[in-house]
Amino acid sequence: MRLGDPADQVRDRNESAWLLPNDGSRTNHKLRLDMQRFADTDELDLVIVGCGAGGSVLLQRLARAGWRVAALDAGPFWDPDTDWVSDEAGSHQLYWTDPRVIAGSDPVPMGSNNSGRGVGGSMVHYAGYTPRFHPSDFSTCSVDGVGADWPLSYPDLRPYYQAIEAELPVAGERWPWGDPHGYPHRPHPVGGNGEVFLRGADKIGITAKVGPVAIANGRFGNRPHCIYRGFCLQGCKVNAKASPLITHVPDALAHGAEVRADAMVTQVAVDERTGQAMGVHYVSGGREHFQRARMVAIAGYSIETPRLLLNSASSRFPDGLCNSFDQVGRYLMVQGAPQTAGRFDAEVRMYKAPPPEVSSEEFYETDPAKDYKRGFSIQTVSPLPITWAEHVAAQGHWGSALREYMSDYVHWSCLGALCEFLPLEQNRVTLAEEKDRHGLPVARFAYSQCDNDRALAKAAQQVMEDILHAAGADEVITIQRYAHLVGGARMAADERHGVVDRYCRSFAVPNLYITDGSVLPTQGSANPALTIMAVAARAADHLIASAPGGPA
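Residues numbered from 1 in each chain as written. Predicted model: local features only at pLDDT ≥ 70, side-chain atom pairs only at ≥ 80, totals over all residues. Heavy atoms only, no water.

K.L.:
It is not clear to me how the sheet that holds strand β5 (residues 258–260) should be interpreted in this structure. Could you clarify?
P.N.:
In a beta sheet, neighbouring strands are held together by backbone hydrogen bonds and run either parallel or antiparallel to one another. The strand order across the open sheet formed by five strands is β5-β2-β1-β9-β19, and the pairing between neighbours is parallel. Whereas interior strands pair on both sides, the edge strands pair on one side only; in this sheet they are β5 and β19 (512–514). On average, each strand axis in the sheet is tilted by 20° relative to the strand beside it, whichever way the strands run. Alignment of strand β1 (residues 46–49) against strand β9 (residues 296–298), held across three bridges, turns out to be parallel. Along β9, the bridge assignment pairs valine 49 with isoleucine 298. (Pairing = 2+ DSSP bridges. Helix = DSSP H or I, 4+ residues; strand = E, 2+ residues; numbered from the N terminus. Axes fitted to C-alpha atoms, helices over the stretch in contact; angles between N-to-C directions.)

K.L.:
What is the right way to look at the pattern of salt bridges in this model?
P.N.:
Should their charged atoms come close, side chains of opposite charge can pair. Applying the stated rule across the entire model yields 32 salt bridges. Residues aspartate 34 and lysine 30 are paired through a salt bridge, measuring 2.6 Å at the closest nitrogen-oxygen approach. For lysine 30, a relative accessible area of 59% corresponds to the exposed category. Between aspartate 326 and arginine 428 there is a salt bridge, with the nearest N and O atoms lying 3.1 Å from each other. Remark: arginine 428 occurs in strand β15 (residues 428–435) and aspartate 326 occurs in the loop between α11 (301–311) and β10 (333–336); sequence separation between them is 102 residues. Overlapping salt bridges, with partners in common, bring together Asp137, Asp144, Glu365, Arg374 and Glu420 in one network. (Salt bridge = Lys/Arg side-chain N within 4 Å of Asp/Glu carboxyl O. Buried < 20%, exposed > 50% of the residue type's maximum accessible area, 1.4 Å probe, protein only.)

K.L.:
Is there a simple way to think about the sheet that holds strand β7 (residues 277–284) in this case?
P.N.:
Pairing is antiparallel in the open sheet, where three strands are placed in the order β6-β7-β8. Since the sheet does not close on itself, it has two edges, and those belong to β6 (264–270) and β8 (287–292), each with one partner. In this sheet, adjacent strand axes meet at a mean angle of 25° when their direction is disregarded. Note that β7 and β8 share six bridges and pair antiparallel. In the sheet register, glycine 279 faces β8, and the bridge partner there is arginine 292.

K.L.:
Quick question: what am I supposed to make of the nonpolar core here?
P.N.:
Nonpolar side chains tend toward joint burial in soluble globular proteins. Counting 157 residues, the largest nonpolar core has Leu46, Ile48, Leu59, Ile298, Leu321, Phe376 and Phe445 as its most contacted members. Look past the residues within four positions of leucine 59 in its chain and what remains in contact with it is Ile48, Cys51, Val69, Ala70, Ala71, Ala252, Ala257, Glu258 and Val259. Counting six residues, the second-largest nonpolar core is a separate cluster that includes Ala17, Trp18, Ala166 and Phe220. (Core = buried A, V, L, I, M, F, W, Y, C linked by side-chain atoms within 4.5 Å. Contact = heavy atoms within 4.5 Å.)

K.L.:
Can you walk me through the packing of aromatic side chains in this structure?
P.N.:
Note on aromatic pairs: each is described by the distance of the centres and the angle between the planes. Under the defined criterion, the tally for this structure stands at 14 aromatic pairs. Note on tyrosine 154 and tyrosine 161: the rings are 5.9 Å apart at their centroids and 35° apart in plane angle, and the pair reads as tilted. For the residue pair tyrosine 154 and tyrosine 161, the accessibility class agrees, reading buried in each case. A cation over an aromatic ring shows up here: arginine 117 above the ring of tryptophan 96, its NZ or CZ 4.4 Å from the ring centre. Over the ring of tyrosine 503 we find arginine 502, and its NZ or CZ is 5.3 Å from the ring centre. (Phe/Tyr/Trp six-rings, centres within 6.5 Å; stacked < 30°, edge-to-face > 60°. Lys NZ or Arg CZ within 6 Å of the ring centre and 35° of its normal.)

K.L.:
Looking at this structure, how should I read the packing of helix α12 (residues 385–394) against helix α13 (residues 399–407)?
P.N.:
Two quantities define a packed helix pair, namely the angle between the axes and the distance from one axis to the other. With their axes 10 Å apart at the nearest point, α12 and α13 run at an angle of 135° to one another. With respect to α13, the axis of α12 lies oblique. Crossing of α12 against α13: the hand is right-handed. Of α13, the residues touching α12 (which contributes Pro385, Trp388, Ala389 and Val392) are Leu402, Tyr405 and Met406. (Parallel < 35°, antiparallel > 145°, perpendicular 65-115°, else oblique. Left-handed = near helix turned anticlockwise from the far one by under 90°.)

K.L.:
Could you clarify how one ought to interpret the pairing of strand β13 (residues 376–380) in this entry?
P.N.:
A regular strand places its side chains on the two faces of the sheet in alternate fashion. β13 sits mainly inside the fold: five of its five residues count as buried. Both strand β12 (residues 358–360) and β13 contribute to a ladder of two bridges, which runs antiparallel. The partner of serine 360 across the bridge, within β13, is isoleucine 378.

K.L.:
Looking at this model, I keep getting lost on the side chain of serine 525. Mind explaining?
P.N.:
Inspection of the secondary structure puts serine 525 in the loop between β19 and α15 (529–546). Serine 525 has contacts with Gln335, Tyr364, Gly375, Phe376, Ser377, Leu418 and Glu420, leaving out every residue within four places of it along the chain.

K.L.:
How do you make sense of the environment of arginine 61 when you look at a structure like this?
P.N.:
Note that arginine 61 resides in helix α4 (residues 53–64). Between the C-alpha atom of arginine 61 and that of isoleucine 298, which follows or precedes it by 237 residues, the distance is 16 Å.

K.L.:
I tried to follow unusual backbone geometry on my own but got confused; where do I start?
P.N.:
Apart from glycine, the bulk of residues carry a negative phi angle, and the bulk of peptide bonds sit in the trans form. Following leucine 168, the chain continues to proline 169 via a peptide bond in cis, the omega torsion being -15°. Topologically, proline 169 is positioned in the loop between α7 (154–167) and α8 (192–203). Residue aspartate 262 is not a glycine yet carries a positive backbone phi of 55°. Here aspartate 262 shows up in the loop between β5 and β6. Looking at aspartate 262, the relative accessible area reads 44%, which means it is partly exposed. The phi dihedral of arginine 374 falls on the positive side, at around 65°, and the residue is not glycine. Tracing the backbone shows arginine 374 in the loop between β12 and β13.

Here it is as structure tokens:
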């Protein structure tokens, strides 16, 4: 590499891609075997609950700053060589499938595309799509009269977006929406599904662009290039797609952090006299443990983070930790994610590329001419056969009709929308009466749509149908679905309206942080992974600046 090469700069702050083996295997087993291992009796500077998008970034940043830090994850430490398979059914182990109760007038199915289990979290099985939020997402209440204003603004996150985009890295065309910007890697070549989207969008005057995806266009360090096999959602077996398991965890281990897998945290311990967090109780190998720590960070995502806080009730916090103003679990959001497929006479073979090849954010912002606020984005999606069968069966096709649609699979193209459903107070996580295998109450997630949500989903479906018809489709079908969880412990200006402040520090417990998607006050029409990582990186900078060298 040339002196001053951007890749050199990335390696200076995150060497994960160069720590992967270069011998045909995909896991640095020596790095895992030799990693730092703290004792429960050691008082860590920080213990992190969860090692997904937010937890892994926080872990890596603080390890590099010399902190004694460990991340505890309820799931396994995945090995791409042995654990991941090119098979939809065989990849079900990647999901969080423990019992949860769903309720509300529009209940959200749990345990597949919206929940991950294991080191890397749900990014292990995400599609790799990494757009930024728009500047307007941070002030929807002030600008559009809906949702909530963040206690920070887009410029506060811009440098963190840029840093994480380089570390993943992200590939795509120059982005004209929101805050216009470029990406570190040029866009990937487009497959059949992307060609359909581009052709249809062009005919009806909609701007569409290639990317952005967290898949390097070519080799990156010791990470191989994408081979366009289409199994991104099953855990990228070739390690071309970025996930925390390969983008931040190896560097964290190399700098003295510990990742403690198969460790289910059951309660955050708080000193009843001082109100300070003292560590976490967890179960591993069938035994109960307590890990001491000067500070605690929770990064269990939007269902398990509120559940853990509520299960950490005590005499000082009788209604749940950080829940004195009944904010824990509230304002939990999912994006409306209808998918519309169109059939073409020519073969499309939509699976032969990363699912999110091409996208458009032309409908992202509030349009005063419409009867709804905020908007939606559209991207290619590529359901594999099992998921495609669910699409077809949802139309009422069974038996011979279902078999006919399945045999016609290669002729179909599929687009998906992400609709910005609004944060509503009553959409929340509480504790159910049912218990899990550890004897803890499971999460109960109640969700109901509002009229604005329904109008958005209807509008998005119409645009997708128009694009596919313009591209030449002779039949279109749509399935209604949800994607991406955020909210449940949102950041706010004060404790009466949220759980954490602008740096992800809880209002109620000053040495407790939350660094996952649960802190997001709004969700935009963008996939949340990049924003979660950026928010966690900003929180890490705040922690490091507040206590140089670690709090000890």
